[in-house]
Each structure stands twice: as structure tokens, then as C-alpha cells.
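# Commentary on secondary and tertiary structure
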Amino acid sequence: MTKYAYHEGAIRPISEAHISVTCTTFHYGIGCFGGLRAFWSDRDKQLYLFRPSDHYKRLLNSAKFLMSDIGKTNAELVDLTVELLRKEEWKENVYIRPIIYKDDGVFRVQLHDSTDKLAIFSHPVGAYIKGDGALRVGFSTWRRVDDNAIPARGKISGTYINSALAKTEAVLNGFQEALVLNQDGHVSEASAANLFVVRDGVVITPPITDNVLEGITRKTIIEFAREDMGLEVVERSIDRSELYLVDEAFFCGTGVGVAAIGSIDHRLIGDGSTGPIAAKMLAHYQNVVTGGVPKYKSWLTPVY
Ligand code: PMP
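The paragraphs below set out a description of the structure included in this document. (Residues numbered from 1 in each chain as written. Predicted model: local features only at pLDDT ≥ 70, side-chain atom pairs only at ≥ 80, totals over all residues. Heavy atoms only, no water.)

### Let's talk about the pattern of salt bridges
Summed over all chains, the structure comprises 17 salt bridges. One salt bridge in this structure joins Asp44 and Lys297, with 3.8 Å as the shortest N-O distance. Placement of Asp44 in the loop between β4 (36-41) and β5 (46-50) and of Lys297 in the loop between α7 (276-289) and β17 (300-302) is noted, with a sequence separation of 253 residues between them. Ionic pairing is found between Glu235 and Arg218, a salt bridge with its closest N-O pair at 2.7 Å. (Salt bridge = Lys/Arg side-chain N within 4 Å of Asp/Glu carboxyl O. Helix = DSSP H or I, 4+ residues; strand = E, 2+ residues; numbered from the N terminus.)

### Quick notes on the layout of surface pockets
The volume enclosed by the second largest pocket comes to roughly 390 Å³. Tyr95, Lys155, Ala192, Thr254 and Gly255 are, among the 29 residues lining the second largest pocket, the residues nearest its centre. Going through the elements one at a time, α2 (52-65), β6 (94-102), α4 (160-172), β10 (187-190) and α5 (216-228) are the ones with two or more residues in the lining of the second largest pocket. Here the lining of the second largest pocket is composed, by residue class, of 11 nonpolar, 12 polar and six charged. Summarising the domain contributions, the lining of the second largest pocket has at least three residues from each of domain 1 (4-124) and domain 2 (135-289). (1 Å grid on protein atoms, 1.4 Å probe; cavity = no way out; pocket = protein on both sides within 12 Å on 5 of 7 lines; lining within 4 Å. Points joined across faces, edges and corners; volume = space filled by probe spheres on them. Nonpolar A, V, L, I, M, F, W, Y, C, P; charged D, E, K, R; others polar. Domains from an automatic or database assignment.)

### What about the site of the ligand?
Every one of the 16 residues lining the ligand counts as a neighbour, but Arg58, Tyr160, Glu189, Thr217 and Thr254 are closest to it. Within the contact set of the ligand, an oxygen atom lies 2.5 Å away from a side-chain nitrogen or oxygen of Thr217. One nitrogen or oxygen atom from the side chain of Thr254 is found 2.6 Å from an oxygen atom belonging to the ligand. Compared with its free state, where it exposes 380 Å², the ligand has 97% of that area covered by protein. More than half of the atoms belonging to the ligand lie within 2 Å of the grid points that define the second largest pocket. Sorting the residues of the shell around the ligand by element identifies α2 and α5 as the ones contributing at least two each. Here the shell around the ligand is built from residues that sort into five nonpolar, seven polar and four charged. (Near = heavy atom within 4 Å. Polar contact = N/O pair within 3.5 Å; in protein donor to acceptor, adjacent residues only side chain to side chain. Areas by Shrake-Rupley, 256 points an atom, 1.4 Å probe, with all protein chains shown as cover. Sits in = over half its atoms within 2 Å of the grid points.)

### Digging into the pairing of β5
Counting buried positions over the five residues of β5 gives five, a clear majority of the element. Here three bridges tie β5 to β17, and the two strands are oriented antiparallel to one another. Each bridged residue has a counterpart across the sheet, and for Tyr48 the counterpart in β17 is Pro302. (Buried < 20%, exposed > 50% of the residue type's maximum accessible area, 1.4 Å probe, protein only. Pairing = 2+ DSSP bridges.)

### Concerning the packing of α5 against α7
Working note: a packed helix pair is described by the angle between its axes plus the distance between those axes. Two elements in contact, α5 and α7, have axes whose closest approach is 11 Å; the angle formed by their N-to-C orientations is 110°. As judged from the angle between their axes, α5 and α7 are roughly perpendicular. Counted together, Thr217, Ile221, Phe224, Ala225 and Asp228 of α5 and Met281, His284, Tyr285 and Val288 of α7 form the full contact between these two elements. Along the lines of polarity and charge, the residues of the contact of α5 with α7 split into six nonpolar, two polar and one charged. (Axes fitted to C-alpha atoms, helices over the stretch in contact; angles between N-to-C directions. Parallel < 35°, antiparallel > 145°, perpendicular 65-115°, else oblique. Contact = heavy atoms within 4.5 Å.)

### Looking at unusual backbone geometry
Even without a glycine there, the phi angle at Arg51 is positive, about 45°. You can see Arg51 is positioned in the loop between β5 and α2. Residue class for Arg51 comes out buried when judged on its relative accessible area of 6%. One non-glycine residue, Asp265, lies in positive phi territory at about 50°. Looking at the element boundaries, Asp265 is found in the loop between β15 (257-264) and β16 (267-268). Accessibility expressed as a relative area gives 9% for Asp265, which makes it buried.

### Details of the environment of Arg153
Tracing the backbone through its elements, the reader meets Arg153 in the loop between β8 (135-143) and α4. Take Arg153: its relative accessible area is 27%, and that puts it in the partly exposed class. Separated by 59 residues in sequence, Arg153 and Val212 have C-alpha atoms that sit 5.6 Å apart. For Arg153, the side chain forms a polar contact with the side chain of Glu214, separated by 3.1 Å.

### Looking at α2
Helix length check: α2, at 14 residues, gives a terminal C-alpha distance of 20 Å against a target of 20 Å (1.5 Å per residue), a fit within 8%. Buried residues of α2: Pro52, Asp54, His55, Tyr56, Arg58, Leu59, Ser62 and Ala63, and no others. A positive backbone phi angle near 55° is found at Met67, which sits one or two residues after α2. (Expected span 1.5 Å × (residues − 1).)

Read these as geometric descriptors, not functional statements.
Right under this line is the structure:
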């Protein structure tokens, strides 16, 4: 159980971390947030925070879109997160949620002249998507939010209405996760995860300019594929019809980790089970995040 949150300038009991019903972000979704993970290593008896400064860089970039200034540097945010996790004394995998929000009352639908605040809390996590094996995925009838409407590359609170519409439609239609097309009709991503496919040995992922979130795990997977597996990685637009023909497909993200896709719109991907590159990627990712790969130790911030 979560005991603490950073709220209104201090780490305090989470039972005291409240916002008012007049909070601007509560009404309009004018906020931005991050989603980090810390992984418990039984071998090292250590909790490793994964790529925290990359996550906080994206958060501060998202804040820039919203003209939000919380007066904290990336390094201060990392230190604060470590302090919070230490105080919680977690010895299991946890998800960390920093959020930057505006708190000027209901009648302020604007970005400028705002009171910007930061809150952070953490909680234990299990599997992000329910069910075993490779995922059953279906295309949503909703389109991914366009960068000309809301910055798609950032993690903006209001954007998640788009994600929730797609996710709920998919689950109520019997799928486990949604894929979403962008306004051009190209494949963008899942409701809260980036997409990779493998075709004829080449790893392909949609470019950020196809209205994709600048995923930290996406960046990680690209590096693993190129540097550790010697695979060619191409960032290019993907058509819906091409997805039906790929040899492998998998999602990646802080919440989902690396998750293989077994079928899309009822068409099997490969033989419908986890493909060899997805399986290798998942094993490597799990090894890296728990401190098993010396060359990637610099991505990990030990909490204890
Ligand atoms: N796309 C969306 C829309 C997301 O919400 C997430 C989760 N943050 C991702 C992709 C994956 O990003 P990351 O690897 O940084 O968690």
C-alpha cells in the first residue's frame, strides 16, 4: 500500500495529498504526467529506477507544451523520486506517477499566467494487460489524436481520453488491446504502448511524426535491436494491411514491458504465439532492468 506522496512541496502521507474540486486540470485535462518504473532485483537486493532522467526529460518537454514551470531541474526530480521510493521502503516492482497540473480554478482555460504544481506517488504493479500468451489485438474505430490538435509526442493528460476510447472499445469487443490509426490512416500505436513489427528480419516501428508518443521503452528497444542483436531497425509509416502480413509484432512501454501480439483483427501474426525476436527482446529487457547487464547499468538509478 502506498504510504506517501510528494504534494504541495513536500513528501507527506498520501492520505493528506488532496486537490480541490476547483483544480483546473481536474476540469480540462490541462496537465502532463510521467510513468516510470522501478524494478526489484532479488539477486542484488536492490530497487532500480529505470532511465529516470529520460522520463523526466519527456515530462519537462510535455510541461513546455503547456507553458508549465514547476521550477525543478531534471536532477532534482530524480532525487525527489529516489527519496520518495526510499521512504516507502518498496522491495517489489513499482510504478511511479509524477504529474504536473494547473491549479488556478475552474474558469482558466489557458496555459499562460498559471499556477503549476507537481505531485508524485508510487504503487506496486503486476501485469498491465490481463491474460496469458500473445495478445489478441484489434484496430480501433477511433483515430489517434493529431499533433495539430494536442501534442501527440508528449504525455498530456487530456490526450488519454483518446486512449481510453480506443482501449474500452477494444476490450468490450473481445480484444485485449487496441491499435490506433492516425489521421493519415497509418498505424500509430496502442492505447498506451508503442508498436514494433518484424518483417523479413527487419525491425520496423512507426516514426514519432506519425503521432506517436516519444516512448522511453521504444528508444530502448531500438538500441537493443541495433546494438545487441545486430538487427536493422527502420522507422517508417506502416499501413494497416501490412500489419496483417508481418512475421512478428509486439508492444512496448513502461506499463506493458515487452508484450507479443498473437493476432490483429482476427488474423494470426506468425503462428499466433510469441515470435523469436519478441521473446529475445523481452528476456533482454527483463535482464537489463533488473541490473543483469553491466553495459546498461548507467540506465539504472539504485534506490537503496
Ligand atoms: N504510447 C502511449 C500513448 C503511452 O501512454 C505510453 C506509456 N507511457 C507509451 C506509448 C510507452 O511509452 P514509455 O515506453 O515511455 O512508457
